[in-house]
Amino acid sequence: MNLVFLGLPGAGKGTQAQILAKKYNIPHISTGDIFRNAIKNETPLGVKAKEYIDSGELVPDEVTNGIVKERLQKEDCNQGFILDGYPRTLDQAEALDENMNQLDRKLDLVIYTKVKESELIKRLTGRRICEDCGATYHVEFDPPEVEAICDKCGGNLIQRDDDKEETVEKRINVNKDKTDQLINYYNKKDILIEIDAEKEIDAVSNEIVDVIEEKVK
Ligand code: ADP
Ligand code: ADP
Ligand code: ZN
């Protein structure tokens, strides 16, 4: 099963992708996570990506397309994958199609998580991530059991630099038109489903699972 999560920053793509990856035992591939790991490890990719990410801009398509192409060729993707945060531009969507053709596979579903802007800002500014394992929390909507400590690994929870209020609005604006273009693109291919992602985390994932069971499985 090959899935894509589409949605503005803060819509809950990562949260939902993580839940589905566990349920269906297929990898959760987040380009944001790949870039953040590269930055942490100071690799050449990290050096390239850092200034774009810090300023809330997109990393150039040719860099991002290359990373995803390589990732999808790994063996753990043979039973399927969940892409989170890719594609984010039309150029990336076309590159992904080409890539799927070459692998003789196809996308089953593009899940568009829709959330209004005022809610996105609350979600992004309250988001915290584990500095060790990358798990996502929210200070109000999805708090850890012990304040500022990761339930899964005991690591410290931190705020991403690009989740500070100054960068959050910029990121939403950078992605708006591009997301609309992708909605059109996948609607034409008849594989887009829109989910009201303003409900609670469990309600959203139940709705997504229902659609998957109906349309894919
Ligand atoms: P969010 O989950 O809030 O949408 P991500 O973790 O997906 O944020 O991405 C963080 C940053 O990494 C983006 O603001 C962008 O700079 C970069 N990035 C992630 N995915 C892509 C992509 N597909 N194309 C270009 N840049 C990307
Ligand atoms: P994205 O990957 O789309 O940027 P995340 O999954 O990281 O979004 O979620 C953004 C923030 O909102 C996180 O702090 C997360 O805990 C929280 N969150 C995710 N889904 C919901 C929801 N349905 N209701 C309330 N908060 C949510
Ligand atoms: Zn952790």
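In what follows, the accompanying structure is described.

Calculation rules
Residues numbered from 1 in each chain as written. Chains lettered and ligands numbered in written order. Predicted model: local features only at pLDDT ≥ 70, side-chain atom pairs only at ≥ 80, totals over all residues. Heavy atoms only, no water. Pairing = 2+ DSSP bridges. Helix = DSSP H or I, 4+ residues; strand = E, 2+ residues; numbered from the N terminus. 1 Å grid on protein atoms, 1.4 Å probe; cavity = no way out; pocket = protein on both sides within 12 Å on 5 of 7 lines; lining within 4 Å. Points joined across faces, edges and corners; volume = space filled by probe spheres on them. Nonpolar A, V, L, I, M, F, W, Y, C, P; charged D, E, K, R; others polar. Near = heavy atom within 4 Å. Polar contact = N/O pair within 3.5 Å; in protein donor to acceptor, adjacent residues only side chain to side chain. Buried < 20%, exposed > 50% of the residue type's maximum accessible area, 1.4 Å probe, protein only. Arc of directions from axis to C-beta. Contact = heavy atoms within 4.5 Å. Areas by Shrake-Rupley, 256 points an atom, 1.4 Å probe, with all protein chains shown as cover. Donors = N, O, S within 2.8 Å, 3.2 Å for Na, K, Ca; no water. Tetrahedral: all angles 85-135°; square planar, octahedral: opposite > 155°, others 65-115°.

### Quick notes on the sheet that holds strand β7 (residues 157-158)
Okay, step 1: Read from one edge of the open sheet, 3 strands run β6-β5-β7, paired in antiparallel fashion. At either margin of the open sheet sits one strand with a lone partner, and together these are β6 (136-138) and β7.
Okay, step 2: Pairing of strand β5 (residues 127-130) with β7, which is carried by 2 bridges, proceeds in the antiparallel orientation. Paired with Ile-129 across the strands is Ile-158, a residue of β7.

### Side note on empty space enclosed by the protein
Okay, step 1: Considering all chains together, one arrives at 1 cavity of 30 Å³ or more under this definition.
Okay, step 2: Of the volumes computed, that of the largest cavity is approximately 70 Å³.
Okay, step 3: Lining the largest cavity we find Phe-5, Leu-6, Gly-7, Lys-13, Gly-85, Tyr-86, Pro-87, Arg-88, Asn-175, Lys-178, Thr-179 and Leu-182.
Okay, step 4: At the level of secondary structure, the elements contributing two or more residues to the lining of the largest cavity comprise β1 (2-6) and α7 (165-188).
Okay, step 5: The greatest single-element share of the lining of the largest cavity, amounting to 4 residues, is contributed by α7.
Okay, step 6: Its residues assigned to classes, the lining of the largest cavity shows 5 nonpolar, 4 polar and 3 charged.

### Digging into the site of ligand 1
Okay, step 1: Taken together, 20 residues form the shell around ligand 1, and within it Thr-31, Glu-57, Gly-85, Arg-88 and Arg-171 come nearest.
Okay, step 2: A distance of 2.8 Å is found between a nitrogen atom of ligand 1 and a backbone nitrogen or oxygen belonging to Gly-85.
Okay, step 3: Here an oxygen atom of ligand 1 and a side-chain polar atom of Arg-160 are 3.2 Å apart.

### Here we look at helix α2 (residues 31-40)
Okay, step 1: Within α2, burial applies to Thr-31, Gly-32, Phe-35 and Ala-38. For α2, the angular spread of buried residues about the axis comes to 130°, placing them on one side.
Okay, step 2: Looking at the buried positions of α2, the neighbouring elements they touch are β2 (28-30), α3 (44-55), α4 (61-72) and β3 (81-84).
Okay, step 3: Once α2 finishes, Glu-42 follows within two positions and takes phi at roughly 50°, a positive value.

### With respect to the site of ligand 2
Okay, step 1: Taken together, 19 residues are adjacent to ligand 2, and Lys-13, Thr-15, Arg-127, Tyr-137 and Lys-199 come closest.
Okay, step 2: Within the backbone of Ala-11, one N or O atom sits 3.2 Å away from an oxygen atom of ligand 2.
Okay, step 3: At 3.4 Å, a backbone N or O of Ile-201 approaches a nitrogen atom of ligand 2.
Okay, step 4: Summarising the interface, the protein chains cover 93% of the accessible area of ligand 2, which totals 560 Å² for the free molecule.
Okay, step 5: When contributions to the shell around ligand 2 are tallied by element, the ones reaching two or more residues are α1 (13-24) and β6.

### Section: the coordination of the zinc ion (ligand 3)
Okay, step 1: For the zinc ion (ligand 3), the full set of protein donor atoms is Cys-130 (SG), Cys-133 (SG), Cys-150 (SG) and Cys-153 (SG), and the range of their distances to it is 2.3 to 2.4 Å.
Okay, step 2: In this structure, the zinc ion (ligand 3) is coordinated by 4 donor atoms arranged in tetrahedral fashion, with angles at the metal of 96 to 116°.
Okay, step 3: When the donor residues of the zinc ion (ligand 3) are listed from N- to C-terminus, their spacing reads C-x2-C-x16-C-x2-C.
Okay, step 4: The exposure class of Cys-150 is buried, given its relative accessible area of 3%.

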